[in-house]
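Residue-level structural notes
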Amino acid sequence: MRESHPIEAAVGIAYYVSEADGVGGHLRDRPEDFRVREREAFGADVHSLDAETGSYPHLVFRATLRGWDTNDFASALSNELGISRERVSWAGTKDKHAVTTQLFSVKRPEGNDLPTFDGVDIEVLGRAGRPVLFGDLVGNEFELVVRGAERPDNAEAIAAELRAFAADGEGEAESVAVPNVFGQQRFGSKRPITHRVGLDIVRGDWESAAVRYVCEAGDREPESTQEAREYVGETRDWEAALDRLPRRLRFERAIAARLAEGADAPADYREALERLPTNLQRMFVNAAQSYAFNRICSERLRRGLPFGRPVAGDVVCFSDDDGLPDPGRTQLVDEGRVETVRRHCERGRAFVTAPLLGTETEFGSGEPAAIARSVFEDIGIEPADFSLPGEFDSSGTRRAIRVETTLDIDTDPLTLRFSLPKGSYATAVAREFLKTDPEDFS
């Protein structure tokens, strides 16, 4: 099997599905080279702009952002309107190195006008009785331009291999498929340590988690930042850290500020981590779960087990009303039901899953369970470890191990067009084509 780039292997992605040489090149040469458009699923009626604002206080709009991070745009909008940041909400988070079309709402009963910003086009849709919520989308459509491709003709050969993977070795499908791994950005593109901090937390080593997040330098960070982190790690001088750490490292500085008040017991280090936003606290444990999931997918790929149909011992989940995997509806596949469930998978009604480990994880049986248990044992974690305080606690869930999509390929420049369900990473597809350093496509 073709081994992945070492940086990917470090986050549990050990192999490529395709053996053909990559096209080379890079993504995101300019924002227009990475276009994302949400496939919306707003579950509320949108009324006209003259609807009664007491019943419909939320102004719903679609924004196309060029070079804007979702969070930064939300902050700029709330500042310009002079309202709380909590009154702006959206369906999905996107990063700034792209052109993204996203659904937003703002709780604004006093008017329908929105401010203008450079790099932002706004289409006001109407008023609703509830805000747009995170997850109010089915998926995302992508258009990725590959610049500087050295072997663009290889794209078709790679696509053929991904169609064979979609067919699970039984001919060639019309669509392509890849393992539904978590992309590099889940762990930190410049400093991929989020999962390692999470593993420290799960193992109960609060001191290591806090110190690692502040002090462990990444090879791709500016040299001055690396030096500051290393100094603080060697001296544990948390007051000096506030002078040495760049102001842009506001989360690291928040931890250092708490530790400067006293760092004598594990509870002090836990409290320091709890100074971070709740979503970041959850992200640490989520990244640890994601790392283990990636390793499970890699081991299944190494053993040659199918991804699109079950084997005895697998746990599948069934589709929801949107045709997406519903991890709340699962079934263990015993030997007598393999063929029946296989037909459900072929029709898109069921999906083979692997665990995102937590206190209530269901392992299944047979070889799939043995793979998961061996990965967790090697990492040194078990379900009970996820019984944690506050935002760090996790009961676990399951995730489909394969994602399938139609794919269009254009040349001059090489362009990939495809769509993915929410929660799946475009880089899981792109990496198969480029086969380069993840920095080239993240």
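Higher on the page you've got the structure.
Before going into details, it helps to say that this report is about the structure given with it. (Residues numbered from 1 in each chain as written. Predicted model: local features only at pLDDT ≥ 70, side-chain atom pairs only at ≥ 80, totals over all residues. Heavy atoms only, no water.)

**Remarks on the overall build of the protein**
What the protein contains, in helices and strands, is 13 helices and 14 strands. C-alpha extents for the protein along the principal axes are approximately 60 × 60 × 45 Å. The buried share of the protein, taken over its 442 residues, is 52%. For the protein, restricting intrachain contacts to residue pairs at least 6 apart in sequence, the fraction spanning at least 24 positions comes to 71%. Accessible surface for the protein amounts to roughly 19500 Å². Of this, 42% is attributable to carbon and sulfur atoms. Looking at the protein, you have 56 positive and 79 negative side-chain charges, and the mean spots of the two groups are 1 Å apart. (Helix = DSSP H or I, 4+ residues; strand = E, 2+ residues; numbered from the N terminus. Buried < 20%, exposed > 50% of the residue type's maximum accessible area, 1.4 Å probe, protein only. Contact = heavy atoms within 4.5 Å. Areas by Shrake-Rupley, 256 points an atom, 1.4 Å probe, with all protein chains shown as cover. Lys, Arg positive; Asp, Glu negative; His and termini not counted. Charge placed at Lys NZ, Arg CZ, Asp CG, Glu CD.)

**A few points about the sheet that holds strand β10 (residues 350-356)**
One open sheet holds the four strands; their spatial order is β9-β8-β10-β11, and the pairing between them is antiparallel. Each having just a single partner strand, β9 (325-332) and β11 (397-400) make up the two edges of the open sheet. Neighbour-to-neighbour, the strand axes of the sheet open up by a mean angle of 50°, direction not taken into account. Of the pairings in the sheet, the one linking strand β8 (residues 315-319) to β10 comprises four bridges and is antiparallel in character. The residue bridging valine 316 from the neighbouring strand is valine 352, located in β10. On the sheet, helix α10 (residues 278-303) packs against β10 and β11 and is oriented at approximately 125° with respect to β10. (Pairing = 2+ DSSP bridges. Axes fitted to C-alpha atoms, helices over the stretch in contact; angles between N-to-C directions.)

**Quick word on a negative patch on the surface**
A cluster of acidic residues, Glu223, Glu227, Glu230 and Glu234, forms a negative patch at the surface. Note that glutamate 227 resides in helix α6 (residues 223-235). (Patch = residues over 30% accessible without salt bridge, like charges linked within 9 Å, V, L, I, M, F, W, Y side chains within 5 Å. Salt bridge = Lys/Arg side-chain N within 4 Å of Asp/Glu carboxyl O.)

**What about helix α9 (residues 266-273)?**
Every α-helix carries 3.6 residues per turn, so stepping three or four residues along brings you back to the same face. Of the positions making up α9, those classed as buried are Asp268, Tyr269, Ala272 and Leu273. Around the axis of α9, the buried residues are gathered within 140° of arc, so they sit on the same side. Those residues of α9 that are buried are in contact with α4 (194-202), α5 (206-215), α8 (250-260) and α10. (Arc of directions from axis to C-beta.)

**Quick notes on the pattern of salt bridges**
Under the defined criterion, the tally for this structure stands at 41 salt bridges. Close ionic contact of arginine 151 with glutamate 150 constitutes a salt bridge, the shortest N to O distance being 3.3 Å. Note that arginine 300 is salt-bridged to aspartate 314, the shortest N-O span being 2.8 Å. On the criterion of sequence distance, the pair formed by arginine 300 in helix α10 and aspartate 314 in the loop between α10 and β8 is long-range, its members being 14 residues apart.

**Observations regarding the packing of α5 against α8**
Closest axis-to-axis distance for the α5/α8 pair is 9 Å, and the angle between their directions is 135°. The angle between α5 and α8 places the two elements in the oblique class. In this structure, α5 meets α8 at a crossing whose hand is left-handed. Two secondary-structure elements touch here, α5 through Ala210, Tyr213 and Val214 and α8 through Phe251, Glu252 and Ile255. (Parallel < 35°, antiparallel > 145°, perpendicular 65-115°, else oblique. Left-handed = near helix turned anticlockwise from the far one by under 90°.)

**Considerations on the nonpolar core**
Ranked by size, the top nonpolar core spans 102 residues in total, and within it Ile201, Ile255, Leu273, Phe418 and Phe433 carry the most contacts. Ranked by residues supplied to this core, first place goes to α10 with 11 residues. Among residues more than four places away in sequence, those in contact with isoleucine 201 are Trp206, Ala209, Leu273, Phe284, Val285, Leu388 and Phe392. Core analysis: the next-biggest nonpolar cluster, separate from the first, contains 18 residues, Ala63, Ala74, Leu81 and Phe117 among them. (Core = buried A, V, L, I, M, F, W, Y, C linked by side-chain atoms within 4.5 Å.)

**As for the packing of α4 against α5**
Direction vectors running N to C along α4 and α5 enclose 165°, while the axes themselves pass 7 Å from each other. When the axis of α4 is compared with that of α5, the two are roughly antiparallel. The two elements α4 and α5 cross, and the hand of that crossing is left-handed. In this structure, α4 contributes Arg196, Val197, Asp200 and Ile201 to the contact, and α5 contributes Trp206, Ser208, Ala209, Arg212 and Tyr213. A class-by-class count of the residues in the contact of α4 with α5 yields five nonpolar, one polar and three charged. (Nonpolar A, V, L, I, M, F, W, Y, C, P; charged D, E, K, R; others polar.)

**Remarks on the pairing of strand β2 (residues 58-66)**
Across the nine residues of β2, seven count as buried, placing the element largely inside the fold. Note: β2 against strand β4 (residues 99-107), nine bridges, orientation antiparallel. Residue pairing across strands places leucine 65 opposite threonine 100, the latter belonging to β4. Inspection of the sheet shows β2 paired to strand β5 (residues 120-128) by eight bridges, in the antiparallel sense. Bridge pairing in β5 places arginine 62 opposite glutamate 123.

**Some details on the packing of aromatic side chains**
Taken as a whole and assessed by the stated rule, the structure comprises 14 aromatic pairs. On the numbers, 5.9 Å between centres and 85° between planes, the contact of tryptophan 68 with phenylalanine 73 is edge-to-face. Consider the rings of phenylalanine 182 and phenylalanine 293, whose centres lie 5.6 Å apart with planes at 80°: the pair is edge-to-face. Of the two residues, phenylalanine 182 sits in the loop between β7 (176-179) and α4 while phenylalanine 293 sits in helix α10, which places them 111 residues apart along the sequence. The exposure class of phenylalanine 182 is buried, given its relative accessible area of 4%. Of the residues examined, phenylalanine 293 reaches a relative accessible area of 0% and is grouped as buried. Feature note: the residues Phe61, Trp68, Phe73, Trp90, Phe104 and Phe117 constitute an aromatic cluster, connected by ring pairs. One cation-aromatic arrangement involves arginine 250 over phenylalanine 251; the distance from NZ or CZ to the ring centre is 4.7 Å. In this structure, arginine 399 is placed above the aromatic ring of phenylalanine 182, and the distance from its NZ or CZ to the ring centre is 3.9 Å. (Phe/Tyr/Trp six-rings, centres within 6.5 Å; stacked < 30°, edge-to-face > 60°. Lys NZ or Arg CZ within 6 Å of the ring centre and 35° of its normal.)

Note that every value here comes from positions in space, so none of it alone points to a role or purpose.
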